[in-house]
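Fold and contact review
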Amino acid sequence: TTKLILDCDPGHDDALAMMLALANPELDLLAVTTSAGNQTPEKTLNNAMRLLTLMHHQEIPVAGGNRTPLLKLLETAGNVHGKSGLDGAELPDPDFKVQDMTAIELMAKTLRASADPVTLVVTGPMTNAALFLRVYPELKAKISQIVFMGGAMGLGNWTPSVEFNIYVDPEAAKIVMNAGIPLVMAPLNVTHKAQILKPEIAALKQIQNPVAQAFNGLLNFFERYHEAPKWGFQGAPLHDPCTITWLLHPEWFQTAKMNVDVDTAGELTRGETVCDYYELTGKPKNTEVLLNIDREAFINLIMTSLKTFDNL
Ligand code: BDR
Ligand code: CA
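Residues numbered from 1 in each chain as written. Chains lettered and ligands numbered in written order. Predicted model: local features only at pLDDT ≥ 70, side-chain atom pairs only at ≥ 80, totals over all residues.

- Looking at an unreviewed UniProt entry, one finds the protein named Pyrimidine-specific ribonucleoside hydrolase RihA and attributed to Levilactobacillus suantsaii.

Take a look at the structure:
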């Protein structure tokens, strides 16, 4: 089994990432930490706890992260994820307590308690991950890899050249990407291929359990933002679940190793992930970049994973 910490900002696609992590016993979700991103830190924390309550996983420790990005002011994505950050679904109120510590303290506690190295999955801005590395450098060796959704090779979804998670906290992303920890990056190039198509959304409605029903409601809301013709989608891109899917089935992806760094100073490109695909810099290949996904296998995984919640 792969032990992991999920640092997320739920967020519709973060929610599905969490569902996949909990539905598949090959993964051992040790802790959930939340970042400010898709919504305010209060809302993303509350959403993570609502999701864990929905899935009957109140035993998983949860802690809230930094209230703001390292240098920038927080910008949220209410236009994509709604007022709550998880609009579209009826979710139960949290019925368990948040840990009495910060996200980075929970990360540290979790890593110290684990005999094996742990995978850190980041599906929101990298604020917590960066702070963690600065505050607890001695625990770096306990992180086997950081698998994150963020960035792009030559695309943007928030500005023409910048993806949202990196846009929110470019300085944090720069710290993480230069930390010397093996990185796996799910950029827009792959997540825009990881679409759930309209007929598949309809098929999902047939799965009757509360988790699948909640996801269906989320998807119906999430899909609307992506209906604009400019995107060219035939459904909705499922960004964050690509990270968890990589942990379960790396063989479903085409990838390339390269140096990736983050621009924090550009007039038009602050927050761009600069991907050295052609090895022009000679810098170490710090990142395995996911470029393509077996989309149908991915959708099957979602369906079978959601069905496991029939036994709740
Ligand atoms: C990323 O931004 C957020 O809105 C999503 O949850 C995902 O993590 C996509 O750019
Ligand atoms: Ca996210």
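Brief notes about the environment of D116
- On the secondary structure map, D116 appears in the loop between α4 (103–113) and β4 (118–122).
- Among the residues examined, D116 registers 11 C-beta atoms within 10 Å and is labelled exposed.
- Between the alpha carbons of D116 and A36 there is a distance of 29 Å; along the sequence they are 80 residues apart. (Helix = DSSP H or I, 4+ residues; strand = E, 2+ residues; numbered from the N terminus. Buried ≥ 20, exposed ≤ 12 C-beta atoms within 10 Å, placed from the backbone.)

Regarding unusual backbone geometry
- In this chain, P10 is followed by G11 through a cis amide linkage whose omega measures -10°.
- Positionally, G11 belongs in the loop between β1 (2–8) and α1 (12–23).
- The phi angle at H56 is positive, at roughly 60°, despite the residue not being glycine.
- Within the fold, H56 resides in the loop between α2 (41–54) and β3 (62–64).
- Overall, the presence of 13 C-beta atoms within 10 Å leaves H56 in the partly exposed class.
- For E279, which is not glycine, the phi dihedral falls at a positive 55°.
- Following the sequence through the fold, E279 ends up in the loop between β10 (273–276) and β11 (287–293).
- You can call E279 exposed: it has 11 C-beta atoms within 10 Å.

Section: the nonpolar core
- Membership of the largest hydrophobic core comes to 95 residues, with the highest contact counts inside it found for M19, A129, V176, F215 and L290.
- For this core, the element with the most residues is α1, which contributes nine residues.
- Those residues within four positions of V176 in sequence are excluded, and the remaining contacts are M126, A129, A130, L133 and I146. (Core = buried A, V, L, I, M, F, W, Y, C linked by C-beta atoms within 7 Å. Contact = placed C-beta atoms within 7 Å.)

Remarks on the UniProt feature "domain: Inosine/uridine-preferring nucleoside hydrolase" (unreviewed entry) in the protein
- Mapped onto this numbering, the UniProt entry gives "domain: Inosine/uridine-preferring nucleoside hydrolase" (unreviewed entry) at residues 4–299.
- Within the segment residues 4–299, helix and strand shares are 35% and 20% respectively, and the terminal C-alpha atoms sit 22 Å apart. (UniProt positions renumbered as here; feature names shortened; annotations may be inferred.)

Some details on the packing of helix α5 (residues 127–135) against helix α7 (residues 170–177)
- Axis separation between α5 and α7 bottoms out at 8 Å; the angle between their running directions is 50°. Here α5 is positioned oblique relative to α7, judged by the angle of their axes. Between α5 and α7 lies a crossing whose hand is left-handed. Mapping the contact onto sequence places T127, A129, A130, L133 and R134 in α5 and A172, I175 and V176 in α7.
- Taken together, the residues that form the contact of α5 with α7 break down as six nonpolar, one polar and one charged. (Axes fitted to C-alpha atoms, helices over the stretch in contact; angles between N-to-C directions. Parallel < 35°, antiparallel > 145°, perpendicular 65-115°, else oblique. Left-handed = near helix turned anticlockwise from the far one by under 90°. Nonpolar A, V, L, I, M, F, W, Y, C, P; charged D, E, K, R; others polar.)

Overview of the pairing of β4
- For β4, the buried fraction is high: five of the five residues fall into the buried class.
- Neither face of β4 is open: one carries V118, L120 and V122, the other T119 and V121, and all of them are buried.
- As judged from the four bridges shared by β1 and β4, these two strands associate in the parallel manner. By the bridge assignment for β4, L4 is matched with T119.
- Strand direction decides the pairing type here: β4 and strand β5 (residues 143–149), joined by five bridges, are parallel. (Pairing = 2+ DSSP bridges.)

Thoughts on helix α11 (residues 241–248)
- For α11, the buried fraction is high: six of the eight residues fall into the buried class.
- Within the sequence span of α11, burial applies to P241, C242, T243, I244, T245 and W246.

A word on the site of ligand 1
- Near ligand 1 there are 15 residues, and of these G11, D13, A77, F164 and H239 occur at the shortest range.
- For the shell around ligand 1, the elements supplying multiple residues, two or more each, are α1 and α6 (164–168).
- Of the residues contributing to the shell around ligand 1, the split by class is four nonpolar, seven polar and four charged. (Near = placed C-beta within 6 Å.)

Considerations on the pairing of β1
- Burial analysis of β1 places six of its seven residues in the buried class, the great majority of the element.
- The sheet contact formed by β1 and strand β2 (residues 27–34) spans seven bridges and is parallel. Bridge pairing in β2 links K3 to D28.

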